[in-house]
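This is what each chain is made of:
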Amino acid sequence: MIAFSLNDLYIFNDIVHHIYCCPDSSQMRLQLMEKLTALVDFDGGSFYLSTVNNDQKLCSPVVYHIDPEFGEKYLQVYDQLDYSKALMFTGRSMTYRESDIVDDSKRVLTPYYQMFYQTYHFHYSLHSSISYQGRFLGVMSLFRSTEKENFSQDDIELIGLLTTHLENSLYHRFLSEFDSQKKITVSQAVKKYHLTERQKVILQQLLDGSENEQICEKLGITNNTLKKHISNIYKKLKICSRVQLFKMIKEREK
């Protein structure tokens, strides 16, 4: 059982708040590792996500106190060299030290160790593989140099506690990105559903959040005319509300 001081609790709660409230995924991961240094001693860290379409593939590297080249290099070779990759893709969360998987005498001889640990002067590592409802979401890794001791059981338990919150946060981010990928742009909607130029303009105004009065004033049309246009747009798109519109069409072209 971890013995938290009052100050440690404040720091831990701040980290948890940050996990849920930071809107940018890359910024959240980088600042998480920065804040984590107040609770766990480590010399560098990395945090990868799974791709939206394939949870057996990593992407979006964020590194802390390591050359940015580290993240991109790992993406190119992890599938061939990382002997612990199978633990990432089990569909369940786990926190583990790499030294508990492979004996040090064998680990230091592997190309993976020599390319990443030896090159960047690391030796020990602690990994948090994050999954939710059977889907792998990402992995955070913390590294220590040879001069230091291995990560402790308290470190493992602490990262395990954070992993529970990362599961929730990253899963909601995944759902949001997955839904966004299913949406089509205004231009695609115009082509697919044969919208007129006027209907295209009104559609974009609706997506911009403009009220009916604002649209009427901007286009110089009456409210009844606007309602007819909106009704025709909904019929072509086979929807019946603005809520469904936002779920179907992207607000911007990209």
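How each quantity is defined
- Residues numbered from 1 in each chain as written.
- Predicted model: local features only at pLDDT ≥ 70, side-chain atom pairs only at ≥ 80, totals over all residues.
- Heavy atoms only, no water.
- Helix = DSSP H or I, 4+ residues; strand = E, 2+ residues; numbered from the N terminus.
- Contact = heavy atoms within 4.5 Å.
- Salt bridge = Lys/Arg side-chain N within 4 Å of Asp/Glu carboxyl O.
- Buried < 20%, exposed > 50% of the residue type's maximum accessible area, 1.4 Å probe, protein only.
- 1 Å grid on protein atoms, 1.4 Å probe; cavity = no way out; pocket = protein on both sides within 12 Å on 5 of 7 lines; lining within 4 Å.
- Points joined across faces, edges and corners; volume = space filled by probe spheres on them.
- Polar contact = N/O pair within 3.5 Å; in protein donor to acceptor, adjacent residues only side chain to side chain.
- Axes fitted to C-alpha atoms, helices over the stretch in contact; angles between N-to-C directions.
- Parallel < 35°, antiparallel > 145°, perpendicular 65-115°, else oblique.
- Nonpolar A, V, L, I, M, F, W, Y, C, P; charged D, E, K, R; others polar.
- Core = buried A, V, L, I, M, F, W, Y, C linked by side-chain atoms within 4.5 Å.
- Phe/Tyr/Trp six-rings, centres within 6.5 Å; stacked < 30°, edge-to-face > 60°.

Asks: Sorry, what's going on with the environment of tyrosine 234 here?
Replies: In this fold, tyrosine 234 is placed in helix H11 (residues 223-237). Distance in space between the C-alpha atoms of tyrosine 234 and leucine 245 is 8.2 Å, their sequence separation being 11 residues. Not counting the four nearest positions on each side in its chain, tyrosine 234 is found in contact with Ile239, Cys240, Ser241 and Arg242.

Asks: Sorry if this is basic, but what is going on with the pattern of salt bridges here?
Replies: When charged atoms on two side chains of opposite charge get close, those side chains can pair. Across all of its chains, the model carries nine salt bridges by this definition. Notably, a salt bridge pairs lysine 148 with aspartate 41, separated by 3.0 Å at the nearest N-O pair. Taken together, the positions of lysine 148 in the loop between strand E5 (135-144) and helix H7 (153-182) and aspartate 41 in the loop between helix H2 (25-36) and strand E1 (44-50) put the pair 107 residues apart, joining distant regions of the chain. On the accessibility criterion, lysine 148 (28% relative accessible area) is partly exposed. Relative accessible area serves as the criterion here: at 38%, aspartate 41 is assigned to the partly exposed category. One network of salt bridges, with partners in common, ties together Asp41, Asp43 and Lys148.

Asks: Sorry, what's going on with empty space enclosed by the protein here?
Replies: It is the rolling of a water-molecule-sized probe over the atoms that shows where space remains empty. Throughout the structure, instances matching the rule amount to one cavity of 30 Å³ or more. Estimated volume of the largest cavity: approximately 120 Å³. Considering the residues around the largest cavity, the lining is formed by 16 residues, among which Tyr74, Asp82, Tyr112, His127 and Ser141 are closest to the centre. Those elements that provide at least two residues to the lining of the largest cavity are E1, helix H3 (69-81), helix H4 (85-88), helix H6 (111-118) and E5.

Asks: Looking at this model, I keep getting lost on the side chain of serine 129. Mind explaining?
Replies: Considering the arrangement of structural elements, one finds serine 129 in strand E4 (residues 124-132). Its relative accessible area of 0% is what places serine 129 among the buried residues. Looking at serine 129, its side chain comes within polar contact range of the main-chain oxygen of methionine 88, at 3.2 Å. Setting aside residues no more than four positions away along its own chain, serine 129 makes contact with Leu87, Met88, Arg92, Ser93, Met94, Tyr96, Phe136, Gly138, Val139 and Thr163.

Asks: I tried to follow unusual backbone geometry on my own but got confused; where do I start?
Replies: In terms of backbone geometry, most residues other than glycine have negative phi values and most peptide bonds are trans. Positive phi, normally seen in glycine, also occurs at histidine 65, with a value near 60°. Mapped onto the elements of the fold, histidine 65 is located in the loop between strand E2 (58-64) and H3. If you check the backbone angles, lysine 238 has positive phi at about 60° while not being a glycine. Summarising the element assignment, lysine 238 is placed in the loop between H11 and helix H12 (242-248).

Asks: In this structure, what is going on with the packing of helix H9 (residues 197-207) against H11? I would like to understand it.
Replies: For any two helices packed against each other, the geometry comes down to the angle between their axes and how far apart the axes lie. At their nearest, the axes of H9 and H11 sit 10 Å apart, and the two run at 90° to each other. Between H9 and H11, the crossing angle belongs to the class labelled roughly perpendicular. Residues Arg198, Gln199, Ile202, Leu203 and Leu206 of H9 pack against Leu226, His229, Ile230, Asn232, Ile233 and Lys236 of H11. Looking at side-chain class alone, the contact of H9 with H11 contains six nonpolar, three polar and two charged residues.

Asks: It is not clear to me how the nonpolar core should be interpreted in this structure. Could you clarify?
Replies: Inside soluble globular proteins, nonpolar side chains tend to come together where they are buried. One finds Leu32, Leu36, Val40 and Phe47 to be the most contacted residues of the largest nonpolar core, which totals 34 residues. Of all the secondary structure elements, the ones that give two or more residues to this core are helix H1 (6-21), H2, E1, E2, E4, E5 and H7. With eight residues, the top contributor of residues to this core is H7. In this view, leucine 32 contacts Ile15, His18, Ile19, Phe47, Met140, Leu162 and Leu166; residues no more than four positions away in its chain are not counted. Grouped together as the second largest cluster of nonpolar side chains are 22 residues, Ile184, Leu206, Ile233 and Met248 included.

Asks: Hey, could you run me through H9 in this one?
Replies: Three- or four-residue spacings in an α-helix give side chains the same orientation, since the helix completes a turn every 3.6 residues. Within the span of H9, buried status applies to Gln199, Ile202, Leu203, Gln205, Leu206 and Leu207. Looking at the packing, one finds that the buried side of H9 touches helix H8 (186-193), helix H10 (212-219), H11 and H12. Just downstream of H9, glycine 209 is the residue with a positive phi angle, here 90°.

Asks: Could you clarify how one ought to interpret the packing of aromatic side chains in this entry?
Replies: Aromatic ring pairs are defined here through the distance separating the ring centres and the angle between the ring planes. For the structure on display, the rule yields 17 aromatic pairs. Considering the side-chain rings of tyrosine 74 and phenylalanine 116, the 5.7 Å spacing of their centres and the 75° angle between planes classify their relative orientation as edge-to-face. Of this pair, tyrosine 74 sits in helix H3 while phenylalanine 116 is found in helix H6, placing the two residues 42 residues apart along the sequence. Across the pair, phenylalanine 116 and tyrosine 74 agree in class, each one buried. Taken together, the ring pairs in this structure connect Tyr48, Phe70, Tyr74, Tyr78, Tyr83, Tyr112, Tyr113, Phe116, Tyr117, Tyr120, Phe122 and Phe143 into an aromatic cluster.

Geometric descriptors of this kind do not, in isolation, establish any biological role.
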